[in-house]
Structures are given as C-alpha cells and as structure tokens.
Amino acid sequence: AATSKINFFNISKFLVIIMKCIVLVILATVLLISCSKGSADENIFHNKEIDDITIGLKNYAIEKGKFIGNLMRDGMFDNLQVHNGSTDNILKTDYNAIVLGNKMKMSNLLRTRPQDPFNVKIEDINTDIIDKFVNYADKHNMRKRGHVMIWYKQIPSWLTNEAPNWSAQQVYDFSKSYILALSAYCKGKIDEWDVLNEGIVNNSFRQGTWYDIINTQANINGDIGYYNYFAYLFKWARQGDSDVELFYNDYNIEAFGTSKNNFMRTFVKKLKLDYSAPIDGVGLQSHFKINLTTDDFISRLGKTIDDLGESDFIANITELDIRICNGDIQTLDDQKKAYKNIVSTAFSRDNCKTILIWGPSDNDSWINSHFEGCGQATPHDENFNKKPAYFGIKEALMDL
Ligand code: 9MR
C-alpha cells in the first residue's frame, strides 16, 4: 500500500509538471504569433508583397495626406447590399473619398418642377438623396465630392421642355436660385463641388445647351456671354458656402498642349483673374483608352497639373478609368503600369490631393454600356477581385 501511495504521489507530481510544460508552450506560441503580427503591421506600409485584405488603398493614401476615391452607382445607392455587399465592401475598405455617379445630378435633385423655377427653394430639392450620401460618407470617413451643379446633360425633363423658351434673365434667375438653395443646404456637408461640368468642346464653349441663351441675350444688368454667366455660377456657389472647394470639371483636357487643354487653361485663369470667379480647381476627368496612356501622354498630364498649380489651382483627377477594347494589344499588366504611372505622376504634385476612380469594379463601370467592345476599366474585375491595376495604384501610393 505504501509503494502504491508513493507511485500515485510521483505520478500526480509528474502530471502537474507535464501540464505546466503544456501551458508554457501555449503561452510561448501565443507570444511568438503576436510578436510576428506586430512586426508585420509595422512593415505593412513598407513591404509591397504583403496583401493584407484589411489594409485598403486608403490607408496608404492617408499616410501620404492624399484622398483616393470612387463613385457610388445608382444600384448601390438604392440598395447598399447590392452584389451581396461586394461593392460596399470595396468602397469601405479601399477608398476615403466618394462621389455619386448620377444621383446628385439635376435630373435627380430637381426631378419635380419647382412651383416657381425662377425662385427655387430648398424644399424643391430632393435633399433625401444628399442626406443618404452624406450619412454613408461620414460613417466611413470619406471626403465628399458633389457632382454636379450645372451641366448641359442629365437635366429634368421639365427643364428640357421649358428652357428653350426662357429669356437670359430667366436662365440667370433659375441658376442662381438653384445654386444658392443647393449650396446652402450642403454647407459644411460637401467638401468639393463641380459647379460647372463639360462647358467646353474642342477650342470653344459648348453650344446648344439649355442655358445657351445667355450667350446671345443680355440679362437685365447687361451681362452677356459665357464668361459672365460661368463666373456668376461660382460666385453663387461661394455665397452659399464659404468653405467648400469649387471646381470646373471636364474630359479630354488632361494632356498639356491639345486645343481643348489650351482653351481650358485660358478659360479658368481668365475666369478667376478677369471675372473674379472664386474657382479653386479643375477636375481632370481622365476617361482613358489604354493605348492612349503612353509615358509621353502621362507626363503631359503632369505638366497640366503643374501649369494649373502655377496659377494657384488645385488639379484633381475626378473620374479615372482606363478601358481596354477589342483589338487593343495591351494587357492587364499594361493597365497596371498606366494606373501606377498616373497615380504617381498626379500625386507627386502638391496641388493634386484627390484621385477618384469612376467605378468600384468592372461590374460597376459605365464603360461596358457606353463603348461597344470595351471594358475592364477599373481596379477590380467583374467578380470584385483585385486586378493588376489595383496593385499598380497601391505601389504608386507606397512609393510616394
Ligand atoms: O457614370 C455615368 C453614367 O452612369 C451615365 O449613364 C452617364 C450619362 O451621361 O453619366 C456618367 O457619368 C459621367 C459624369 O457624370 C460626367 N463625366 C462623364 C461621365 C461618364 O459619362
């Protein structure tokens, strides 16, 4: 009995030692894992090979004081969980700036004819749209881009029908009251506004718009012409919100030295200097076809940003996409190079702080329905997976 007592005592002592060893091994393993995770986190901004899905593009942009953004399409606006939440997930993870693809255009904000279109009131505007956009962006700490106040396209049908019969003064009254109401409602909520979109064609102002009468007929103060009218648009937007950044936005104006680029630069400088328009910047839309994105083309884009910077303008990239079309010999790797080169060229300039891409994924892009035989224009593919382009942007951000 004595022997079995000793044996039992020894065995239980032995078991306790084994248990202690196991606990020690577990503790050591936990310590080792957390140490290696810590150093990975520290290296996350410096090691290009690491692709931690919780670290989005925005984290790299924030580190460099920049905003990388994207748009919210109508489908997602109507249902945040569209595509089982894939688009929402991309926006939340990768982007710290946002714009609505269509919903903040006049066709949506002023869908119903105001009782008096020459005295538009806040109550006439579909402010629910603005609220929903602002709530989403604020929830995810995103910079908010307002697109767009005055554009020849996507206007409500009542305006299409009535405007051809308006006098210049009526166009002035409508535009003024709309901009004042809209910018007053958005005061402090929207960070930057496209006050005027696509007002130029080649080397002159766009003709045949709903506001065209202002070019041939004076208002009651004798103001006539595009310059006068456009300058007022910016003044009214400033009157409504003294802090918001105000932009002229257009496409095919990116490469320095083309006739549209020359006209745009003359236009915005003259608007600011000769017409005292409070214009802060130019939005370079940047809808590119892959074979256009040569090194020379991208360096001319850099030159445009520099030239605008010399006159104290911000120059943001506002609608970037790079489409690949049937017949193009370029590959997704060429697209990666183009995205990388554009992001590093633009962001190496201090007067370019924001780049927005026009489509969270190839599933959410306007290209497929507008350019036959073209697609693949965004950094995520049709199944919401990251493409080489995504890593091009990421590398450019890390290298800044
Ligand atoms: O992405 C928008 C698309 O869904 C619309 O069908 C289209 C209609 O004009 O507008 C697209 O957005 C445009 C933007 O508002 C201004 N710059 C050009 C964009 C692409 O057409």
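A few points on the structure. Quantities reported herein were computed from a predicted structural model and do not represent experimental measurements. (Residues numbered from 1 in each chain as written. Predicted model: local features only at pLDDT ≥ 70, side-chain atom pairs only at ≥ 80, totals over all residues. Heavy atoms only, no water.)

Some details on the overall build of the chain
This is how it is decided: In this text, helices come from DSSP runs of H or I with a minimum length of four residues, and strands from runs of E with a minimum of two, each type numbered from the N-terminal end. Using a 1.4 Å probe on the protein chains alone, a residue whose accessible area is under 20% of its type maximum counts as buried, one over 50% counts as exposed, and one in between counts as partly exposed. Any two residues whose heavy atoms approach within 4.5 Å are treated as being in contact. Where accessible areas are quoted, they stem from the Shrake-Rupley method and a 1.4 Å probe; at the residue level, only the protein chains shown are allowed to cover.
The number of helices and strands found in the chain is 14 helices and 12 strands. For the chain, buried positions account for 50% of its 400 residues. In the chain, the share of contacts with a sequence separation of at least 24, taken over all contacts with a separation of at least 6, comes to 77%. For the chain, the accessible area works out to roughly 18300 Å², and carbon and sulfur atoms hold 53% of it.

Describing the state of the cysteines
Our working definition: For this text, the term disulfide refers to a pair of cysteine sulfurs within 2.5 Å.
Inspection of the entire model under this criterion finds one disulfide. Disulfide pairing is shown between Cys325 and Cys374; the S-S distance is 2.1 Å. Here the disulfide of Cys325 and Cys374 is right-handed, its torsion about the S-S bond being about 105°. Taken together, the residues Cys325 in strand β10 (residues 314–325) and Cys374 in strand β12 (residues 374–375) connect sequence positions 49 residues apart.

Digging into the site of the ligand
Convention followed: Each residue is tested against the molecule or strand, and it is near if at least one of its non-hydrogen atoms lies within 4 Å. A 3.5 Å cut-off defines polar contacts: any pair of N or O atoms within that distance qualifies, except that in protein one atom must be a possible hydrogen donor and the other a possible acceptor, and neighbouring residues in sequence count only when both atoms are side-chain atoms. Amino acids outside the nonpolar list (Ala, Val, Leu, Ile, Met, Phe, Trp, Tyr, Cys, Pro) and the charged list (Asp, Glu, Lys, Arg) are all regarded as polar, and Gly is one of them.
Close to the ligand lie 14 residues; Lys105, His147, Glu198, Glu319 and Trp358 are nearest. Within the side chain of Asn102, one N or O atom sits 3.0 Å away from an oxygen atom of the ligand. Interatomic distance of 3.0 Å between a side-chain N/O atom of Gln285 and a nitrogen atom of the ligand. Contact with the protein chains removes 85% of the 450 Å² of surface that the ligand exposes when unbound. A breakdown of the residues in the shell around the ligand according to their chemical character gives three nonpolar, seven polar and four charged.

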